Amino acid sequence: MTKETENRKAEHLKIGIAEDVQFKEKTTGFEKVGFKGVELEYKTLPEMDKKEVKLETSFLGKDFKAPLMVEAITGGVKEAKKINKDIAKACEELGIGMGLGSQRAMIEDPLLKDTYFVRDVAPTIFLAGNIGVTELGKYSVKELEKAIESIKADALAVHVNAAQAAMQPEKETDFKGRLKEIKKLAKEFKKPVYVKEVGHGIGFETAKALAKTGIKAIDVGGAGGTSWTAIDSKRGNKKVGETFWDIGISTADSIVQCRKAFEGKIIASGGIRTGLDCAKAIALGADLCGMALPVLKAQQKEGSEGVTKLLEKVIEELRIAMFLAGAKNLKEMRGKAVVKN
Ligand SMILES: Cc1cc2nc3c(=O)[nH]c(=O)nc-3n(C[C@H](O)[C@H](O)[C@H](O)COP(=O)(O)O)c2cc1C
């Protein structure tokens, strides 16, 4: 791997763990602030037993015990091996999905495969590989397939990150022709391809354009959680970092916009912090929810057990929220949101 890629991955981990890099003013939209935000329907008499709530679902051909995944975090650096294994172990225990960090590092240096490989501790769960959209022109479909095969992932997530890239010292800001490349990849790749933002959201027009590419899912990666302009401006353009810290489309808004434009699966991520957030995201039209930074922090504090504890709490909160909305399953949860403007 080039020193540049290695340093970048290590710095992302270091800054994400140690510094305050969440959005400042902008929120996910899930909170209720006065009369603004998203509330769930509250059924005073839900006419069901909480024990009846069923959270099972499937996503891109894999079964999930709850509609949750850990979002892409790392790979390619020394620390990544333990982080990924700890997270994967917890996900396998809970029967939920997991995304791995950008595989650019292991394509550049195949010896780094080890820092991504988690199938020994997570043989059954949905696993997503990852690559940046600006890398698509550099690697052939075959090379990308090999990267996915070698870690036995089920799908490839292509991350789109214009806001982040604009802050980075590496200046990889050429986003011309990327839709065409996504379309080619989705058509030729043997496994499902989906597109994810990293924390600044996907709006209606982009979702509409993505709907024509043949991708199987959109992960909205909305604003309100981890700010990637914050993280990368700490490494790069500090002068403009403050200005763009809160740029992007709130997660709740992004789900609504993507749902209108895209019929495939939608993952809600970016600032999902509780099972109540997750319930609201599903009510707005998401199929799965994803979390990154709080999982990394739990792993750093208490290893795999910490991750399990955090995610168990989120799952239990989701179960309670569905019970209180009178929804026995995820299908019934759709439309249970009350949006307050
Ligand atoms: C330390 C760290 C590294 C990340 N690396 C990647 C990556 O390699 N590829 C990617 O698509 N997203 C990456 N992300 C973004 C997350 O997958 C997620 O989209 C984003 O952090 C928003 O979710 P959150 O608010 O729950 O953290 C990373 C996140 C963190 C915290």
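Overview of the packing of aromatic side chains
By the definition in use, this model includes 4 aromatic pairs. When the centroid spacing of 5.2 Å and the interplanar angle of 85° are considered together, the rings of Phe59 and Phe126 count as edge-to-face. One end of the pair, Phe59, is in strand E3 (residues 57-59); the other, Phe126, is in the loop between helix H3 (104-108) and strand E7 (127-132), with 67 residues separating them in the sequence. Look at Phe59 and you get buried, because its relative accessible area is 1%. Residue class for Phe126 comes out buried when judged on its relative accessible area of 0%. Pairing Phe59 with Tyr194 gives two aromatic rings, centres 6.2 Å apart and planes at 80°, and the pair type is edge-to-face. Residue Phe59 is found in strand E3, and its partner Tyr194 is found in strand E9 (residues 193-197); the two are separated by 135 residues along the sequence. Looking at Tyr194, the relative accessible area reads 2%, which means it is buried.

Examining the environment of Gly99
When you line up the elements, Gly99 lands in strand E6 (residues 97-99). The class for Gly99 is buried, based on a relative accessible area of 4%. If near-sequence neighbours (up to four positions away) are discounted, Gly99 is found in contact with Met69, Val70, Glu71, Ala72, Ile73 and Ala128.

Considering the site of the ligand
Neighbouring the ligand are 22 residues; Ala72, Asn130, Lys196, Thr226 and Arg273 lie closest to it. Between an oxygen atom of the ligand and a main-chain N or O atom of Ser102, the distance comes to 2.9 Å. At 2.8 Å, a side-chain N or O of Lys196 approaches an oxygen atom of the ligand. Contact with the protein chains covers 98% of the free accessible surface of the ligand, which is 600 Å². Its residues placed into classes, the shell around the ligand shows 8 nonpolar, 9 polar and 5 charged.

A few points about a nonpolar patch on the surface
Residues Tyr42, Ile320 and Leu324 make up a contiguous nonpolar surface patch of roughly 280 Å² in combined accessible area. Mapping Tyr42 onto the fold places it in the loop between strand E2 (36-40) and E3.

Some points on the pairing of strand E11 (residues 265-269)
Most of E11 sits inside the fold, with 4 of its 5 residues counted as buried. Bridge analysis of strand E10 (residues 217-219) against E11 gives 3 bridges, and the strand direction is parallel. Across the sheet, residue Asp219 finds its bridge partner in E11, namely Ile267. Alignment of E11 against strand E12 (residues 288-291), held across 3 bridges, turns out to be parallel.

A word on the pattern of salt bridges
On inspection of all chains with the given rule, the structure shows 29 salt bridges. Its salt-bridge partner being Lys234, residue Glu19 comes within 2.9 Å of it at the nearest N-O pair. Taken together, the positions of Glu19 in the loop between helix H1 (3-18) and strand E1 (32-33) and Lys234 in helix H8 (residues 228-235) put the pair 215 residues apart, joining distant regions of the chain. Looking at Glu19, the relative accessible area reads 33%, which means it is partly exposed.

Overview of unusual backbone geometry
The phi dihedral of Glu47 is positive, around 55°, even though this residue is not glycine. Relative to the helices and strands, Glu47 resides in the loop between E2 and E3. For Glu47, a relative accessible area of 70% gives the class exposed. Its identity is not glycine, yet Lys171 carries a phi of approximately 55°, on the positive side. Structurally, the position occupied by Lys171 is in the loop between helix H5 (162-167) and helix H6 (178-188). Residue Lys171 is classed as exposed on the basis of its relative accessible area, which comes to 65%.

Observations regarding the nonpolar core
By size, the foremost hydrophobic cluster in this structure holds 97 residues, and its most contacted members are Ile87, Val158, Leu185, Ile215, Ile218, Leu311 and Met333. Residue contacts for Val158: discarding those within four places in its chain leaves Ile131, Gly132, Val133, Leu136, Leu185, Val193, Tyr194, Val195 and Lys196. Ranked by size, the runner-up nonpolar core spans 12 residues in total, among them Phe59, Leu60, Phe64 and Ala155.

Let's talk about the sheet that holds strand E8 (residues 155-160)
The 8 strands lie next to each other as E5-E6-E7-E8-E9-E10-E11-E12, forming a closed barrel whose pairing is parallel. Each strand of the sheet is rotated relative to its neighbour by a mean of 25°, with strand direction disregarded. Summarising the sheet, E6 and E7 pair through 2 bridges and their orientation is parallel. By the bridge assignment for E7, Met98 is matched with Leu127.

Analysis parameters
- Residues numbered from 1 in each chain as written.
- Predicted model: local features only at pLDDT ≥ 70, side-chain atom pairs only at ≥ 80, totals over all residues.
- Heavy atoms only, no water.
- Phe/Tyr/Trp six-rings, centres within 6.5 Å; stacked < 30°, edge-to-face > 60°.
- Helix = DSSP H or I, 4+ residues; strand = E, 2+ residues; numbered from the N terminus.
- Buried < 20%, exposed > 50% of the residue type's maximum accessible area, 1.4 Å probe, protein only.
- Contact = heavy atoms within 4.5 Å.
- Near = heavy atom within 4 Å.
- Polar contact = N/O pair within 3.5 Å; in protein donor to acceptor, adjacent residues only side chain to side chain.
- Areas by Shrake-Rupley, 256 points an atom, 1.4 Å probe, with all protein chains shown as cover.
- Nonpolar A, V, L, I, M, F, W, Y, C, P; charged D, E, K, R; others polar.
- Patch = residues over 30% accessible without salt bridge, like charges linked within 9 Å, V, L, I, M, F, W, Y side chains within 5 Å.
- Salt bridge = Lys/Arg side-chain N within 4 Å of Asp/Glu carboxyl O.
- Pairing = 2+ DSSP bridges.
- Core = buried A, V, L, I, M, F, W, Y, C linked by side-chain atoms within 4.5 Å.
- Axes fitted to C-alpha atoms, helices over the stretch in contact; angles between N-to-C directions.

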